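Spelled out, the chains give:
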Amino acid sequence: MTRSTAPSLAPVRVLIAEDSATARELLVSLFGADPAMEVVGAAANGVQAVEMAKRLRPSLVVMDIQMPEMDGFEATKRIMIEAPTPVIIVTAAHDPRDVEMSLRAVQLGALTMLPKPVGPGSPGFESSAGRLLSLAKALAEVKVVRRRRSAGDDDGDATSGVHATGIKRSLGGGPVHAVAVAASTGGPAALYRFLSRMPSDTSVPVLVVQHIADGFAPGLVTWLSSGTSLPVKLAEHGESLAGGVVYVAGCRHHLEVGPRRTVSLSNSPPVGGFRPSATVLFRSVSAAYASTAVGVILTGMGRDGCDGLAVLRKAGGRVLAQDEATSVVFGMPGAVVSAGLADVVAPVDGLADSLSKLISRRHR
């Protein structure tokens, strides 16, 4: 009897970049203990991180933000230019400067941001460590794009020049009274670009669900506000929805439209593992606005939002989906496209332009 000699999968090669010796040791120990991972290097600053990324060619870089000599913001930028590699930002959610810089790093090509794992003795250690490891394994497979060296590189996607990849149906129909947008992995940068393309005279409320780690939503709102002329705020329970305002879901509640078109924040169970859930938002907007609602699905892992957009589409609403070429992960928009629900499939710029034209019809 012979034993199978089928080769095992190669481990995910991880480079850690963290200036704190204690935190660096924790991350090295955490990743090193997982048989599916291999720590190939540990950098104490951004300069070392860039050099190691070029020399060691890891599958993934786990990057701190505040480091000496070169911070994680600049190190991410250099890595995406010189040795494109999937980057996960680990940072302190309670530090507004850290969060803002992390989001800038995401805009430059980092895939996502997570809070630093708490110490092994803390109650939340197992869950935070498990989430980091699980996400690291998934994102190590993402094919990242080399960034340009030009000054304009800071504010756009490397593939932003791609044109619309498909118009599934005519965007006819009546007026638009509300827009619901959902995103996950890669979403902050896509949202930033999407909102930056929206005109200042946008006349309808825009409700947003972005899957983001607990504690990061306020920083996301501040950062998004810097890129758009529209007011952006965390949604508050009971407030009336106003035209031209962007309402962002917090980290712990579903965002829904309540009676008399007010904001409703719900503690109901997660849907598909998410709270806030895109599907919950889309269903709620569909119930409140029916055919005058538009749903927008951006880059993200998984399929959250697809079931909700099926409801919205059945009610006569219109659906816009980010294309595969410009999505960091085509999971969420891909599920919607595969289900035949998308009216438009396009890069973020194309989606914003299509939406602006739809909204402007109500004034004609």
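Heads up: the structure comes first, above all this text.
Residues numbered from 1 in each chain as written. Predicted model: local features only at pLDDT ≥ 70, side-chain atom pairs only at ≥ 80, totals over all residues. Heavy atoms only, no water.

**Q** Just give me the short version of the pattern of salt bridges, but keep the residues and values in it.
**A** Should the charged atoms of two oppositely charged side chains come close, the side chains can pair. A full pass over the atoms with the stated rule returns 13 salt bridges. Here Lys233 and Glu236 are joined by a salt bridge, their closest N and O atoms 2.9 Å apart. Residue Lys233 is classed as partly exposed on the basis of its relative accessible area of 22%. Judged by relative accessible area, which is 47%, Glu236 ranks as partly exposed. Across the pair Asp343 and Arg313 runs a salt bridge, and its minimum N-O distance is 2.8 Å. Separated by 30 residues along the polypeptide, Asp343 in the loop between helix H10 (331-338) and strand S15 (344-346) and Arg313 in helix H9 (residues 306-314) bring together distant segments of the chain. The class of Arg313 is partly exposed, set by a relative accessible area of 22%. Here the residues in one salt-bridge network are Glu18, Asp64 and Lys116, joined through shared partners. (Salt bridge = Lys/Arg side-chain N within 4 Å of Asp/Glu carboxyl O. Buried < 20%, exposed > 50% of the residue type's maximum accessible area, 1.4 Å probe, protein only. Helix = DSSP H or I, 4+ residues; strand = E, 2+ residues; numbered from the N terminus.)

**Q** Tell me about helix H7 (residues 217-225), and please be specific about residues and values.
**A** Buried residues of H7: Ala217, Leu220, Val221, Trp223 and Leu224, and no others. Here the buried residues of H7 occupy an arc of 170° about the axis, which is enough to place them on one side. In the core, the buried residues of H7 are packed alongside helix H4 (96-107), helix H6 (187-196), strand S8 (206-210), strand S9 (232-234) and strand S10 (246-248). (Arc of directions from axis to C-beta. Contact = heavy atoms within 4.5 Å.)

**Q** So what's going on with the nonpolar core? Residues and values would help.
**A** Phe31, Met63, Val179 and Phe194 are the most contacted members of the largest nonpolar core, which has 91 residues in total. Looking at which element gives the most residues to this core, the answer is helix H5 (residues 125-139), with 7 residues. Counting 31 residues, the second largest nonpolar core, distinct from the first, contains Ala235, Tyr247, Tyr289 and Leu312. (Core = buried A, V, L, I, M, F, W, Y, C linked by side-chain atoms within 4.5 Å.)

**Q** Lay out the packing of helix H8 (residues 278-289) against H9 in plain terms, naming residues and giving numbers.
**A** One way to put it is that H8 packs onto H9 with a least axis distance of 7 Å and a crossing angle of 15°. By the angle class used here, H8 and H9 are roughly parallel. For the crossing formed where H8 meets H9, the hand is left-handed. Facing H8, whose interface residues are Thr279, Phe282, Arg283 and Ser286, H9 presents Cys306, Asp307, Gly308, Leu309, Val311 and Leu312. Residues that form the contact of H8 with H9 fall into these classes: 5 nonpolar, 3 polar and 2 charged. (Axes fitted to C-alpha atoms, helices over the stretch in contact; angles between N-to-C directions. Parallel < 35°, antiparallel > 145°, perpendicular 65-115°, else oblique. Left-handed = near helix turned anticlockwise from the far one by under 90°. Nonpolar A, V, L, I, M, F, W, Y, C, P; charged D, E, K, R; others polar.)

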